[in-house]
Amino acid sequence: MASTAVGDARQGDKEDGDVDRARGSALLGSDFAAEAAPRLPERQQGQAAETPLADDAFARRRKPNKMLTVCSFILAVEMCERLCYYTLGGSQRNFLEDAGPSGRNLTRGLRASAAVSISACWSMLSYLSCILGGYLADNRIGRYRTILYFAMVYVMGVGIIATAAYPEIMASDVGIPLYLVGAFVFVALGTGAIKPNVMNFGADQYDAEDEVERAQQKAFFSYFYLTINVGVVVAMGFTVNLATSESTTLGAGDGYFKAYCIAAGAMVLAIFSFALGTPKYVGKGGVTHTPMVSIIRGHLVCSARNSCRGAICLAGWIMVPVYMAIVLAGSMLSSFPQVSQIMTWTAMGLAVLSCAILVFSHINNDFIQGSGSGGGNADPTPGSISTSDVRGALQCVPTIICINVGFNIPYNAMNNAYPAQACQMDTRLFGQQLNGSFFSLGDAFAIILLVPLFETFLYPALKSCRGGAGSPHRLSNSTQTKTF
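Residues numbered from 1 in each chain as written. Predicted model: local features only at pLDDT ≥ 70, side-chain atom pairs only at ≥ 80, totals over all residues. Heavy atoms only, no water.

1. Quick look at the overall build of the chain
And then number 1: Counting secondary structure elements, the chain contains 19 helices and two strands.
And then number 2: Taken over 484 residues, the chain has a buried fraction of 40%.
And then number 3: Once local pairs closer than 6 in sequence are excluded, the contacts in the chain between residues at least 24 apart make up 75%. (Helix = DSSP H or I, 4+ residues; strand = E, 2+ residues; numbered from the N terminus. Buried < 20%, exposed > 50% of the residue type's maximum accessible area, 1.4 Å probe, protein only. Contact = heavy atoms within 4.5 Å.)

Laid out in structure tokens, this is it:
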């Protein structure tokens, strides 16, 4: 090397050459020092360069799976909550028909049509309250506190329902009102607050910038859906049948009370599981409030003042709570069949009109204007959403309405009309009349069986065929299963 040659020329021996190399390093900097320093053999250099990479790859392989160490507590919450929800939903129509004092011809409770309508309304309120749950989590108290607080509200509701199902109370005039308070107030709020947040909170536990954790996060979504259906299987296969197992023309028995106590215990277990994992969670802090609902409302009102299309659109949105209230009131007035029928058809007409208005209005949202921005895209309030954000949010309304209407009509038939029809049939198995909800277990079993197969064999095989790259069009397991 250069410095060695200079040293040899001046002194001719190794020691003086080393002194000159040291002086040259101090004078000429680290680059000259690196060049002047003795070099390792090429094989040793390759080993030294490869060691950190090998250690890094080994560390990635040895990285613990957060599915087991953290998210198992969250998955337990979802499984227990779904067990509780489907226990109530699968037996709610039967409870409303069996509760109350016996009348003439040993009849009691509500008519079948009224019970089915109330059950559908309860399901509707449970999913509508997801809007409130998402708002509280994103703008007020955060996902962790929303899940924890409203799980307690959920437990209170199931406790009230179990009390209403106690045989003596169920056979009295207060059984149905007490049940409706627990279901429509406490449980609807609880499930609505938990449902939109628990999956997102689980996804928050993974570092999206880490390749290994990003892959674990994808698997988490699949197994999250699997745990939902584990709860469904327990509910539809056991607790719902337990609820109606002792019901006869003489009385409802205590099957409902036993089933609802199991459901309440499942929710207590959910709270315990969620609290137990608290030290392991990330993202338990508060949130920064971002005005959203008020901004969207202001844009709709401003647009209604400035254009006819905006006024029609606002009318379509106003109809939504109106027809929901009418159909709910009509379901409660089952003692007046003609009034109930008129209200039901009125709500149906308003719903069809509202959906048509919202679909056609929001195909193109250029008519949306903000009062502070003069219809432009400026952001009048720091930290709030802009007019372009409002237009983008409302652009998905036609898709949401069309898909939900098309999906929920057969889905509600599966959960309400078909089980009601099954109750008029001989579905005895080993001498036991099965609840109609039992026959909804097919899709749940398919998902439970296929999700592990997809995650363990199919997806790795597809990834290997693509040379290690994941599929850009990877469908959810639920979509694939339902397609099959």
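2. What about the pattern of salt bridges?
And then number 1: As enumerated under the stated definition, the model contains eight salt bridges in all.
And then number 2: The partner of Lys66 in a salt bridge is Glu213, with the nearest N and O atoms 3.3 Å apart. Taken together, the residues Lys66 in helix H5 (residues 66–69) and Glu213 in helix H11 (residues 211–244) connect sequence positions 147 residues apart.
And then number 3: The class of Lys66 is partly exposed, set by a relative accessible area of 22%.
And then number 4: Salt-bridge contacts for Lys258 lead to Glu246; the nearest nitrogen and oxygen are separated by 3.3 Å. Of this pair, Lys258 sits in helix H12 (residues 255–276) while Glu246 is found in the loop between H11 and H12, placing the two residues 12 residues apart along the sequence.
And then number 5: Connected through shared salt-bridge partners, Asp138, Arg143 and Asp204 make up one network. (Salt bridge = Lys/Arg side-chain N within 4 Å of Asp/Glu carboxyl O.)

3. Details of the packing of helix H6 (residues 71–98) against H11
And then number 1: H11 packs onto H6 with a crossing angle of 35° between their chain directions and a minimal axis gap of 7 Å. Between H6 and H11 lies a crossing whose hand is right-handed.
And then number 2: The class makeup of the residues in the contact of H6 with H11 is 16 nonpolar, eight polar and two charged. (Axes fitted to C-alpha atoms, helices over the stretch in contact; angles between N-to-C directions. Left-handed = near helix turned anticlockwise from the far one by under 90°. Nonpolar A, V, L, I, M, F, W, Y, C, P; charged D, E, K, R; others polar.)

4. Quick look at the side chain of Asn241
And then number 1: Relative to the helices and strands, Asn241 is located in helix H11.
And then number 2: Overall, the relative accessible area of 8% leaves Asn241 in the buried class.
And then number 3: Beyond its immediate chain neighbours, meaning those up to four positions away, Asn241 contacts Met236, Leu434, Asn435 and Phe438.

5. Observations regarding H6
And then number 1: Here H6 is 28 residues long and its end C-alpha atoms lie 40 Å apart, about the 40 Å a rise of 1.5 Å per residue gives.
And then number 2: Counting buried positions along H6 gives 23 out of 28 residues, so the element sits mostly inside the fold. (Expected span 1.5 Å × (residues − 1).)

6. Points about the nonpolar core
And then number 1: Ranked by size, the top nonpolar core spans 90 residues in total, and within it Phe95, Tyr179 and Tyr260 carry the most contacts.
And then number 2: Considering each element in turn, this core owes the most residues, 13 residues, to H6.
And then number 3: Excluding its chain neighbours within four sequence positions, the residues that come into contact with Tyr260 are Thr87, Leu88, Ser91, Phe95, Val158, Ile161, Ala162, Ala165 and Tyr179. (Core = buried A, V, L, I, M, F, W, Y, C linked by side-chain atoms within 4.5 Å.)

7. As for the packing of helix H13 (residues 293–306) against helix H14 (residues 308–332)
And then number 1: Two elements in contact, H13 and H14, have axes separated by 6 Å at closest approach and are oriented at 135°. The orientation of H13 relative to H14 falls into the category oblique. The residues of H14 that touch H13, namely those facing Leu300, Val301, Ser303 and Ala304, are Gly310, Ala311, Cys313, Leu314 and Trp317.
And then number 2: Across the contact of H13 with H14, the residue classes break down as seven nonpolar, two polar and no charged. (Parallel < 35°, antiparallel > 145°, perpendicular 65-115°, else oblique.)

8. Observations concerning the packing of aromatic side chains
And then number 1: Applying the stated criterion across every chain, the model contains 18 aromatic pairs.
And then number 2: A ring pair is formed by Tyr179 and Tyr260, whose centres lie 6.3 Å apart and whose planes are at 40°; its orientation type is tilted. Pair noted here: Tyr179 is in helix H10 (residues 175–204) and Tyr260 is in helix H12, with a separation of 81 residues, a long-range link. Residue Tyr179 shares its accessibility class with Tyr260, and that shared class is buried.
And then number 3: Here the aromatic rings of Phe220 and Phe224 are separated by 5.9 Å at their centres, their planes lie at 50°, and the arrangement is tilted. On the criterion of helical spacing, the pair formed by Phe220 and Phe224 is a turn pair, its members being four residues apart in helix H11.
And then number 4: Judged by relative accessible area, Phe220 falls into the buried class, the value being 0%.
And then number 5: Under the relative-accessibility criterion, Phe224 is labelled buried at 5%. (Phe/Tyr/Trp six-rings, centres within 6.5 Å; stacked < 30°, edge-to-face > 60°.)

9. Some remarks on a nonpolar patch on the surface
And then number 1: Together, Leu132, Val181, Val185 and Leu189 line one region of the surface with nonpolar side chains, adding up to about 280 Å² of accessible area.
And then number 2: A total of three residues in the nonpolar patch trace back to one element, the largest contributor, which is H10.
And then number 3: Val185 sits in the partly exposed class, given a relative accessible area of 40%. (Patch = residues over 30% accessible without salt bridge, like charges linked within 9 Å, V, L, I, M, F, W, Y side chains within 5 Å. Areas by Shrake-Rupley, 256 points an atom, 1.4 Å probe, with all protein chains shown as cover.)

10. Quick word on the environment of Leu83
And then number 1: Secondary-structure assignment places Leu83 in helix H6.
And then number 2: On the accessibility criterion, Leu83 (12% relative accessible area) is buried.
And then number 3: Counting along the chain gives 181 residues from Leu83 to Ala264, while the straight-line C-alpha distance between them is 9.9 Å.
And then number 4: With residues up to four places along the chain from it excluded, the contact list for Leu83 reads Gly231, Val234, Ala235 and Ala266.

11. A word on helix H16 (residues 387–394)
And then number 1: Along H16, the positions that sit buried rather than exposed are Thr387, Val390, Arg391 and Leu394. Taken end-on, H16 shows its buried residues confined to a sector of 100°, consistent with a single buried face.
And then number 2: Residues of H16 that are buried sit in contact with H13, H14 and helix H17 (397–422). (Arc of directions from axis to C-beta.)

12. So, the side chain of Gln217
And then number 1: Within the element layout of this structure, Gln217 appears in helix H11.
And then number 2: If near-sequence neighbours (up to four positions away) are discounted, Gln217 is found in contact with Ala203 and Tyr206.

13. Let's talk about the environment of Ser72
And then number 1: Of note, Ser72 is situated in helix H6.
And then number 2: A relative accessible area of 29% means that Ser72 is categorised as partly exposed.
And then number 3: Remark: the alpha-carbon pair of Ser72 and Gly277, spanning 205 residues in sequence, is separated by 8.6 Å.
And then number 4: The contacts of Ser72, once residues within four sequence positions are left out, are Lys66 and Met67.

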